[in-house]
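# Working through the structure, step by step
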Amino acid sequence: MHLDDVDRAIIDHLREEGRLSNVALAERVHLTPGPCLRRVQRLEAEGVILGYSADVAPEALGQSFEVILEVELTVYDAGTIAHFESTMAAFDEVVELYRLFGSPDYFIRVAVSDLPAYERFLTEEVITIPGIAKVFSRFAMKVLKSSRRTAPGVAAPGVAAPDAPPRGSAVAVMARSPRRG
């Protein structure tokens with residue numbers, strides 16, 4: 001599919017402000033409302049625009065503390081992989097889950113309320129899954145770029161508020177014996 005400059009401008013404006021009215025969008029891309037609406041409908045029908053969503057403050061959902069997990073498995077049979085992936089994907093705390101080429105095997109972004117909640121999630125849920133060899137936990141020191149929005153005056157996920165004590169960067173490694181699980 002070919003996207004021209006007007007299509008790209010429409011996409012840029014809708015990515016920034018998904019609730020923008022068609023009239024306002026048309027003004028911004030220098031079209032009249034009719035042709036603008038037809039372009040948006042075409043972009044939706046062609047699967048370029050997948051949908052519209054709300055950016056919700058992580059604090060409102062009890063998910064203001066983010067941790068990046070790197071997980072390595074002990075075995076790589078189809079059953080172990082399928083079980084690990086379906087179990088991790090089912091957790092509300094898991095907001096992104098990627099299987100990688102190379103090492104580590106998985107990259108997982110977890111969002112919970114605070115450090116004790118993460119520790120509970122890690123020890124009571126994640127490391128109880130059979131087939132895990134190692135779990136590396138990484139906490140962001142500072143978010144330098146993110147496509148996720150934050151409320152005005154609120155630190156980005158994983159970043160301490162200005163008046164909080166500095167968290168620094170930490171890496172925790174938990175290894176399991178291949179005999180367990």
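Here, every reference points to the structure presented above.
These remarks concern the structure in this document.

What counts, and at which threshold
- Residues numbered from 1 in each chain as written.
- Predicted model: local features only at pLDDT ≥ 70, side-chain atom pairs only at ≥ 80, totals over all residues.
- Heavy atoms only, no water.
- Helix = DSSP H or I, 4+ residues; strand = E, 2+ residues; numbered from the N terminus.
- Expected span 1.5 Å × (residues − 1).
- Buried < 20%, exposed > 50% of the residue type's maximum accessible area, 1.4 Å probe, protein only.
- Arc of directions from axis to C-beta.
- Contact = heavy atoms within 4.5 Å.
- Pairing = 2+ DSSP bridges.
- Axes fitted to C-alpha atoms, helices over the stretch in contact; angles between N-to-C directions.
- Parallel < 35°, antiparallel > 145°, perpendicular 65-115°, else oblique.
- Nonpolar A, V, L, I, M, F, W, Y, C, P; charged D, E, K, R; others polar.
- Polar contact = N/O pair within 3.5 Å; in protein donor to acceptor, adjacent residues only side chain to side chain.
- Salt bridge = Lys/Arg side-chain N within 4 Å of Asp/Glu carboxyl O.

Taking 1.5 Å as the rise per residue, helix H3 (residues 33-45) with 13 residues should run 18 Å; its terminal C-alpha atoms sit 18 Å apart, in good agreement. Every buried residue belonging to H3 is among Cys36, Val40 and Leu43, and all of these are buried. Projection of H3 onto a plane perpendicular to its axis shows the buried side chains occupying an angular sector of 60°, all on one side. Across from the buried face of H3, at angles greater than 90 degrees, the exposed residues are Arg38 and Ala45. Elements in contact with the buried residues of H3: helix H1 (5-16) and helix H2 (22-28).

Alignment of strand E2 (residues 94-99) against strand E3 (residues 106-112), held across 5 bridges, turns out to be antiparallel. Of the residues in E3, the one forming a bridge with Tyr98 is Phe107.

This brings us to the packing of H1 against H3. Across the interface, H1 lies against H3 with an axial gap of 11 Å and an inter-helix angle of 80°. Judged by the inter-axis angle, H1 sits roughly perpendicular to H3. Across the interface between the two elements, Val6, Asp7, Ile10, Ile11 and Leu14 from H1 touch Cys36, Arg39, Val40, Arg42 and Leu43 from H3. Residues of the contact of H1 with H3, tallied by class, amount to 7 nonpolar, no polar and 3 charged.

Right, let's get into the side chain of Thr87. Position of Thr87 among the secondary structure elements: in helix H4 (residues 78-90). For Thr87, a relative accessible area of 18% puts it in the buried group. At a separation of 2.7 Å, a polar atom in the side chain of Thr87 contacts the main-chain carbonyl oxygen of His83.

By secondary structure assignment, the location of Phe84 is in helix H4. Residue class for Phe84 comes out buried when judged on its relative accessible area of 0%. Separated by 42 residues in sequence, Phe84 and Val126 have C-alpha atoms that sit 9.2 Å apart. Ignoring any residue separated from it by four or fewer positions in sequence, one finds Phe84 in contact with Val71, Leu73, Tyr106, Ile108, Ile129 and Ile132.

All told, the structure shown has 9 salt bridges when counted by the stated rule. Asp4 is paired through a salt bridge with Arg39; the nearest N and O atoms lie 3.0 Å apart. Of the two residues, Asp4 sits in the segment before H1 while Arg39 sits in helix H3, which places them 35 residues apart along the sequence. We note a salt bridge from Asp7 to Arg39, for which the minimum N-O separation is 2.8 Å. Of this pair, Asp7 sits in helix H1 while Arg39 sits in helix H3, and the two are 32 residues apart along the sequence. Given a relative accessible area of 2%, Asp7 falls into the buried group. Among the charged side chains, a network of salt bridges with common partners joins Asp4, Asp7, Arg39, Arg42 and Glu46.

These figures capture arrangement, not role.
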